[in-house]
Amino acid sequence: MLPQLGMDWLVELTSEHYYGPTTLGALREFIRLGEIDGETIVINTCDGARRQVREMPDVWEIAQPVVDKDQIEIQLGDPVGPGVAKMSIRLQERIRDLEQTLQEERRALAESQQRYNELERKYQELLLRDMS
């Protein structure tokens, strides 16, 4: 992380899933798009402080979407909200990629360990022959 980028925030999607690091500008955009709301928890990675977005007036007041008070919006589907679902899907894809990479690395490590064991056995055999 480069301090100059200001990517000092993590968005808590669920108790086990996070999005980030990201910037204050990105948080404002997530609010504007309806991907996060005032109840969303964000974590400052510089000091570890956790707070709800609504407790951050520099982000929340500027970014709140304009809502017609006479309009009632009903959202069906994912109970955690569309924004969290989108972010969660991206996280799941990233996790799947990392798990695949980890599996490949473990396979390469096992092959290297097997090759090392073979070479060690041959070395010991050569030592025994030389001693005889």
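Reading guide: rules and limits
Residues numbered from 1 in each chain as written. Predicted model: local features only at pLDDT ≥ 70, side-chain atom pairs only at ≥ 80, totals over all residues. Heavy atoms only, no water. Helix = DSSP H or I, 4+ residues; strand = E, 2+ residues; numbered from the N terminus. Buried < 20%, exposed > 50% of the residue type's maximum accessible area, 1.4 Å probe, protein only. Contact = heavy atoms within 4.5 Å. Areas by Shrake-Rupley, 256 points an atom, 1.4 Å probe, with all protein chains shown as cover. Pairing = 2+ DSSP bridges. Axes fitted to C-alpha atoms, helices over the stretch in contact; angles between N-to-C directions. Phe/Tyr/Trp six-rings, centres within 6.5 Å; stacked < 30°, edge-to-face > 60°. Polar contact = N/O pair within 3.5 Å; in protein donor to acceptor, adjacent residues only side chain to side chain. pLDDT = per-residue confidence, 0-100. Core = buried A, V, L, I, M, F, W, Y, C linked by side-chain atoms within 4.5 Å.

1. Things to note about the overall build of the protein chain
Across its full length, the protein chain holds 3 helices and 4 strands. For the protein chain, the α and β elements follow one another from N to C terminus as β-β-α-β-β-α-α. Scored against the burial criterion, the 132 residues of the protein chain give a buried share of 23%. Within the protein chain, contacts between residues at least 6 apart in sequence are counted, and of these 50% link residues at least 24 apart. Accessible surface for the protein chain amounts to roughly 10,200 Å². Of this, 53% is attributable to carbon and sulfur atoms.

2. A word on the sheet that holds strand E3 (residues 41-44)
Spatially, the 4 strands line up as an open sheet ordered E2-E1-E3-E4, and their pairing is antiparallel. Here the strands that pair on one side only, and so sit at the sheet edges, are strand E2 (18-22) and strand E4 (50-52). Between one strand axis and the next, the sheet turns by 25 degrees as a mean value, whatever way the strands run. The pairing of E3 with E4 spans 3 bridges and is classified as antiparallel. Bridging across to E4, Ile43 finds its partner in Arg50. Most of the contacts of helix H1 (residues 24-33) go to E2, to which it runs at about 135 degrees, and overall it touches strand E1 (9-12), E2 and E3.

3. Details of the packing of aromatic side chains
Using the criterion set out here, one finds 1 aromatic pair in the structure. Taking the centre distance of 5.3 Å and the plane angle of 80 degrees together, the rings of Tyr19 and Phe30 count as edge-to-face. Residue Tyr19 is located in strand E2, and its partner Phe30 is located in helix H1; the two are separated by 11 residues in the primary sequence.

4. Topic: the pairing of E2
Strand direction decides the pairing type here: E1 and E2, joined by 3 bridges, are antiparallel. Bridging across to E2, Trp9 finds its partner in Thr22. Between E1 and E2, which pair antiparallel in sequence order, lie 5 residues.

5. Let's talk about the side chain of Gln52
By the element assignment, Gln52 lies in strand E4. For Gln52, a relative accessible area of 16% corresponds to the buried category. One polar contact links Gln52 to Arg54, side chain to side chain, over a distance of 2.7 Å.

6. Overview of the confidence of the model for the protein chain
Looking at the protein chain, the pLDDT average stands at 78 and 75% of residues meet or exceed 70. The element-level mean pLDDT for the protein chain is lowest in helix H2 (residues 57-63), coming to 72, with E4 highest at 91. The model gives residues 68-80 a pLDDT under 50, and that stretch makes 2 contacts with residues more than four places away or in other chains.

7. Some details on the environment of Ile43
For Ile43, the position within the fold is in strand E3. Separated by 35 residues in the primary sequence, Ile43 and Asp8 have C-alpha atoms spaced 8.2 Å apart. If we ignore the near neighbours within four places in the chain, the residues touching Ile43 are Asp8, Trp9, Leu10, Glu12, Tyr18, Gly48, Ala49 and Arg50.

8. Remarks on the nonpolar core
One finds Leu27, Ile36, Val42 and Val53 to be the most contacted residues of the largest nonpolar core, which totals 13 residues. For this core, the secondary structure elements donating two or more residues are E1, H1 and H2. Take this core: its biggest share by element is 4 residues, from H1. Excluding anything up to four places from it in sequence, Val42 contacts Trp9, Leu10, Val11, Leu27, Ala49, Arg50, Arg51, Val53 and Met56.

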